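Chain by chain, the residues run as shown.
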Amino acid sequence: MAIKTGLPISSCWVVTEGLAGLQNQAIGLAQALGLPYVLKKVKKPRSLWQLISPDRQEITPPWPDLLISCGRQSESVSVAVRRASKNKTFTVHIQEPRIDPKQFDVVIVPAHDKLRGDNVFVIQGSITHVSMEKLKNAAEHFRPLLASLPRPLISVLVGGKNRRQSFSDASSHDFAKKMLLAAKNTGGGLAISFSRRTGARSEAILRQQLAGASSYIWDGQGENPYFGLLALADVIIVTSDSVSMMSEACSTGKPVYIYELPNGGKRHKQFCESLIQSGTARLFSGTVEIWKNTPLDETRKAANFVCERFWRKSEGSKHADSATRSAS
């Protein structure tokens, strides 16, 4: 839900590398602040053609009142704009930067990162663009698509291989077996969405193993029903490879189960453990229950912190201007 900020902001840039996970976080924060935004995608040029390509979005004045960046390639852009605007652009960076965090007005990091500081706001998980309003609209829009499935509806968000975790054939077979067990024991239906990282082989195994079950599996064609699956679910199962997907699932307030893929990194494991210890999620072993959950509301908390820091800087600038005028 957008907060009522009353911020004197007429322009906001969202600057990312264009990767969906990064872009969604930056957009989610802008939306939580209730601000319209201009999306700027930046990438480190690898060739002369990329440097002069007409597809590159220019970073030129007038400078925005607020710049929200996410991802390594956006760090230098944020710092450059802040300097070019003579510190008038308020900059917010999401994720731990490689440079001095004091180069930004606010830095937002997940708790499993070690960075701490006066301008650092720590959240559990990641910023999301999930809101109750979006879920409500998605529920109405996608209800006919999933109407034939029996209840409870078990929505399954399937990720895949990343730098540390693999989605092996064994994991695919095990996951399908446990999904079928959960559907059988509850009498419910399965609504399944794959990510780009799932991989053709893992997807084929899951489709084959789930054939004949009461299920809907998105075929990748047409409109992505991801928000519909979140909105209409009675229970959500999500794979452990993506902090963003786990955060989005937990932002709904639905019961969430995490299917652990092998060889997870230390930070991923710490995040999963934090969700489980707080009661926000449970490990998925083939059984599901419906319990009353509390939405993970970190995006709104981060937005409130940004507002607080913006007003503090604004008041400080007013005092500085007043002192300068008095001295002259």
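To be clear, the structure that these remarks concern was listed above.
Below or above, wherever it landed, is the structure these notes cover. Since we're looking at a predicted model, the values are computed, not measured.

Regarding the packing of aromatic side chains
And step 1. This model, assessed by the stated rule, comprises nine aromatic pairs.
And step 2. On the basis of an interplanar angle of 75° and a centroid distance of 6.3 Å, the ring pair of F175 and F284 is categorised as edge-to-face. Of this pair, F175 sits in helix α5 (residues 169-186) while F284 sits in the loop between β12 (282-283) and α10 (298-327), and the two are 109 residues apart along the sequence. Each member of the pair, F175 together with F284, is buried.
And step 3. Here Y257 and W291 contribute two aromatic rings whose centre-to-centre distance is 5.5 Å and whose plane-to-plane angle is 80°, an arrangement assigned as edge-to-face. Here Y257, found in strand β11 (residues 256-259), pairs with W291, found in the loop between β12 and α10; they are 34 residues apart in sequence, far enough to count as distant. Accessibility classification places Y257 together with W291 in one group, the buried group.
And step 4. By way of ring pairs, the aromatic residues F175, Y257, Y259, F284 and W291 are connected into one cluster.
And step 5. The ring of W13 carries the charged tip of K40 above its face, separated from the ring centre by 4.6 Å.
And step 6. Lying across the ring of W291, R282 places its NZ or CZ 3.8 Å from the centre.

Structural notes on α5
And step 1. With 18 residues, α5 ought to run about 26 Å at 1.5 Å a step, and its terminal C-alpha atoms sit 26 Å apart, in line with that.
And step 2. Considered for burial, the residues of α5 that qualify are S171, S172, F175, A176, M179, A182 and A183. Axial view of α5: buried residues confined to an arc of 130°, hence all on one face. Across from the buried face of α5, at angles greater than 90 degrees, the exposed residues are A170, K177, K184 and N185.
And step 3. Of the surrounding secondary structure, the elements contacted by the buried residues of α5 are β7 (153-158), β8 (189-194), α6 (200-210), β10 (235-239) and β11.
And step 4. G187 lies just past α5 and shows a positive phi near 75°.

Digging into the pairing of strand β2 (residues 38-41)
And step 1. Across four bridges, the pairing between strand β1 (residues 12-16) and β2 is parallel. What sits directly across from T16, in β2, is K41.
And step 2. The parallel pair β1 and β2, bridged by helix α1 (residues 20-32), forms a crossover whose chirality is right-handed.

Let's talk about the nonpolar core
And step 1. Counting 33 residues, the largest nonpolar core has L146, L157, V238, M246 and L275 as the members making the most contacts within it.
And step 2. Mapped by element, the contributors of at least two residues to this core are α4 (132-146), β7, α7 (226-232), β10, α8 (243-250), β11 and α9 (266-277).
And step 3. The greatest single-element share of this core, amounting to six residues, is contributed by α7.
And step 4. Setting aside anything within four residues of it in sequence, one finds L157 in contact with S193, Y226, L230, I236, I237, V238, T239, M245 and A249.
And step 5. Formed by 29 residues, the second largest nonpolar core is a distinct cluster that contains L7, V92, I108 and V306.

About the criteria used
- Each chain has its residues counted from 1, running along the sequence as written.
- Local features in a predicted model are, by the rule used here, given only for residues with pLDDT of at least 70; side-chain atom pairs are given and counted only at 80 or more, and totals for whole chains, interfaces and linings are based on all residues.
- As a rule here, side-chain values cover all heavy atoms of the structure and leave hydrogens and water aside.
- Side-chain rings of Phe, Tyr and Trp, where Trp is taken by its six-membered ring, are said to pair if the distance between their centres is within 6.5 Å; with planes under 30 degrees apart they count as stacked, over 60 as edge-to-face, and otherwise as tilted.
- What counts as a helix is a DSSP run of H or I of at least four residues, what counts as a strand is a run of E of at least two, and both are numbered from the N terminus.
- We call a residue buried when its accessible area falls under 20% of the maximum for its residue type, exposed when it is over 50%, and partly exposed in between, using a 1.4 Å probe and counting protein chains only.
- Counted as over-ring charges are cases with an Arg CZ or a Lys NZ within 6 Å of the ring centre that also lie within 35 degrees of the ring normal.
- Expected helix span is computed as 1.5 Å times (number of residues minus one).
- When we speak of the arc, we mean the arc of directions from the helix axis to the C-beta atoms.
- Between two residues, a contact is recorded if the distance between any of their heavy atoms is within 4.5 Å.
- Should DSSP find at least two bridges between two strands, the strands are regarded as paired.
- Note on handedness: a clockwise path from strand one over the helix to strand two, with the strands aimed away from the viewer, defines a right-handed crossover.
- Definition used in this section: a nonpolar core is a set of buried Ala, Val, Leu, Ile, Met, Phe, Trp, Tyr and Cys residues joined via side-chain atoms within 4.5 Å.

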